[in-house]
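Overview (structure and organization)
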Amino acid sequence: MAEQFDVIIIGGGHNGLVTAAYLAKAGLQVILLEKRPFLGGIASTEEFYPGFRVDNVLHNAGMFRPQIVRDLFLKMQGFDWLSIDPVVFAPLPDGNQLTLWRDNAQTASEISRFSPVDGERFAEYNQIMSKFTEFLEHALGRTPPNLSQPSASNMTPWLGVGKNVLGLGGEDRYGFLRILPMSLEEFLSEWFESDVVQGVLAAPGITCLQQGPFSGGTTFNLLYHHLGQRLGGVSSLGVVQGGIGNLAEALSRAAQAFGADIRVQSPVVQVLVENGRSTGIRLASGAEIKAPIIVSGANPRHTFTQLVDPIELDVSFLRAVRNIKYRGSVAKLNLALSGLPTFTALPDGDTSRLHGRIQISPSLIYLEKAYDAAKYGRFSEQPYLDIRIPSLADPTLAPNGQHVMSIHMQYAPFHLRESDWTQQKETLTETILSTLSQYAPDLRSHILHSQTLTPLDLETHYGLADGGIYHGQMMLDQLLFMRPVPGWGYYRTPISGLYLNGAGTHPGGGITGEPGRLAAQEILKDLK
């Protein structure tokens, strides 16, 4: 006899764990199945060299919603944040630096070194970004309406969004709607004159995008990366004590405390469908588990072309799924270090400035040139780097006196025009090290071990289609009721009983937990 549950969740990433915890808390019999030995998906902390642990792919949990921490009592399950200040240290090619702090007055003072006018304007910029991100967070925390079948039940929650729009006030209302389709260059040039200030503030707006700062719609992505732990004019930063994997562990413990069954090394190979309705899943072992509700955290391409037999789906729906733009653009380099590299731009050798994000993005032109390479099927020779040395704030991640370094590199397109990633992996590693060595010349002398994850590795090891960390580009044509595809932006699918809860659904990628929370909310609504 096959095991029987109320709900089967495919995938133990943070969104899957959030859904499992909410549904188990509501009294449903839930089983979560993860194919890897670890929970957390691309938000886990793993040992990559003896004694050295690093956040495997994503290393910033700043967008994770505080509501979920409260609802699921995660603090009782051992979850906690580390308070990190400053937020960003940005060394520059000329040996100067710009540091962004949690205290906005301190940040304004830093900015004034590059432009007194920009320093004065930062206070107003901080206010408008705080206002706009608060509004956006309220809007994105709701299930998108089903515009093909509008009803009071799915439109009513968005009346609150309309009320919040009115609350912005006339000038801000128009201002918010005006900037959403703007490029970062257009938006930031209206606020600041310094190339350095523009480059440092813009970088979060291109995170995980195969777009440059001169591309339309990138200002929305900047606002998106200010959500969660909102810091006004500075993008979110959230550092989990013990590594980002401790978030997944706390979510797992919470889900199990509510009664969920969580199993690792349990790869699902098929969603079983009878008469247009999901009835269960089949594991790689051949065993079947039955449930009337199946929730997939896999990317939409994998869900609808591999887990579900495509014959069960309409041709137009499949076409829309195949047209989703994933466009992975990020590579990851993890380093085990014998000691702390010397950044020549550090004022008086103040290593406390390295506790947050170290950012190589000296100007908008620098970022756009990095993107230029990706447009023509090459990876950037002078890339944008987003770096963390988490062992500075959390020594448990490395042996005493030694460190781990986590580096996000853009741009590294999944499809290389004149080569492939099996041939270019070493060259990519060398490119990242050469770029960073311009700012920390003794870096190589401290390297004990390196681990490079190309976009192909991200697809192979973590199931990210085309290496797309966010399960689809975060651009205006793939958001809200158009995520994952137009007409299916509300977690349900054409297969009755089959739901989605991954980053490929609203509101999108990053470590937010919102797709998992909102999917659980819709499932419970359907069960009433």
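Residues numbered from 1 in each chain as written. Predicted model: local features only at pLDDT ≥ 70, side-chain atom pairs only at ≥ 80, totals over all residues. Heavy atoms only, no water.

1. Considering helix H15 (residues 421–437)
Applied cut-off: Secondary structure elements are defined from DSSP: runs of H or I of at least 4 residues count as helices, runs of E of at least 2 residues count as strands, and each element is numbered from the N terminus. Expected span of a helix: the number of residues minus one, times 1.5 Å. Buried, partly exposed and exposed residues are distinguished by accessible area as a fraction of the type maximum, computed with a 1.4 Å probe on protein chains only: under 20%, between the cut-offs, and over 50%, respectively. Between two residues, a contact is recorded if the distance between any of their heavy atoms is within 4.5 Å.
With 17 residues, H15 ought to run about 24 Å at 1.5 Å a step, and its terminal C-alpha atoms sit 23 Å apart, in line with that. Among the residues making up H15, those that are buried are Trp 421, Gln 424, Leu 428, Thr 429, Thr 431, Ile 432, Leu 433, Thr 435, Leu 436 and Ser 437. As for H15, its buried residues are in contact with strand S15 (330–337), helix H14 (364–375), strand S17 (384–388), strand S18 (403–410), strand S19 (447–453) and helix H16 (455–462).

2. A short note on the layout of surface pockets
Rules: The way it works is a 1 Å grid over only the protein atoms, where trapped points that fit a 1.4 Å probe form a cavity and open points with protein on both sides within 12 Å along at least five of seven lines form a pocket, and then any residue with an atom within 4 Å of a point lines it. Grid points are joined across faces, edges and corners, and a volume is the space filled by probe spheres set on the points. Polar here means any residue outside two lists: the nonpolar Ala, Val, Leu, Ile, Met, Phe, Trp, Tyr, Cys and Pro, and the charged Asp, Glu, Lys and Arg; Gly therefore counts as polar.
There is about 760 Å³ of room inside the largest pocket. Around the largest pocket, the lining is made up of 38 residues, and of these Gly 297, Ala 298, Tyr 462, Gly 463 and His 471 lie nearest the centre. When residues of the lining of the largest pocket are traced back to their parent elements, those giving at least two are helix H1 (14–25), strand S11 (268–274), helix H12 (300–307) and H16. Among the elements that take part in the lining of the largest pocket, H12 stands out by supplying four residues, more than any other. Along the lines of polarity and charge, the residues of the lining of the largest pocket split into 15 nonpolar, 18 polar and five charged.

3. Here we look at the pattern of salt bridges
Note the following rule: For this document, the term salt bridge refers to a Lys or Arg side-chain nitrogen within 4 Å of an Asp or Glu carboxyl oxygen.
In total, this model carries 23 salt bridges according to the counting rule given. Close ionic contact of Asp 386 with Arg 357 constitutes a salt bridge, the shortest N to O distance being 2.9 Å. Of this pair, Asp 386 sits in strand S17 while Arg 357 is found in strand S16 (residues 357–360), placing the two residues 29 residues apart along the sequence. Taking relative accessible area as the criterion, Asp 386 reaches 9% and is therefore assigned buried. Judged by its relative accessible area of 4%, Arg 357 is buried. Among the charged side chains, a network of salt bridges with common partners joins Glu 110, Arg 113, Asp 350 and Arg 353.

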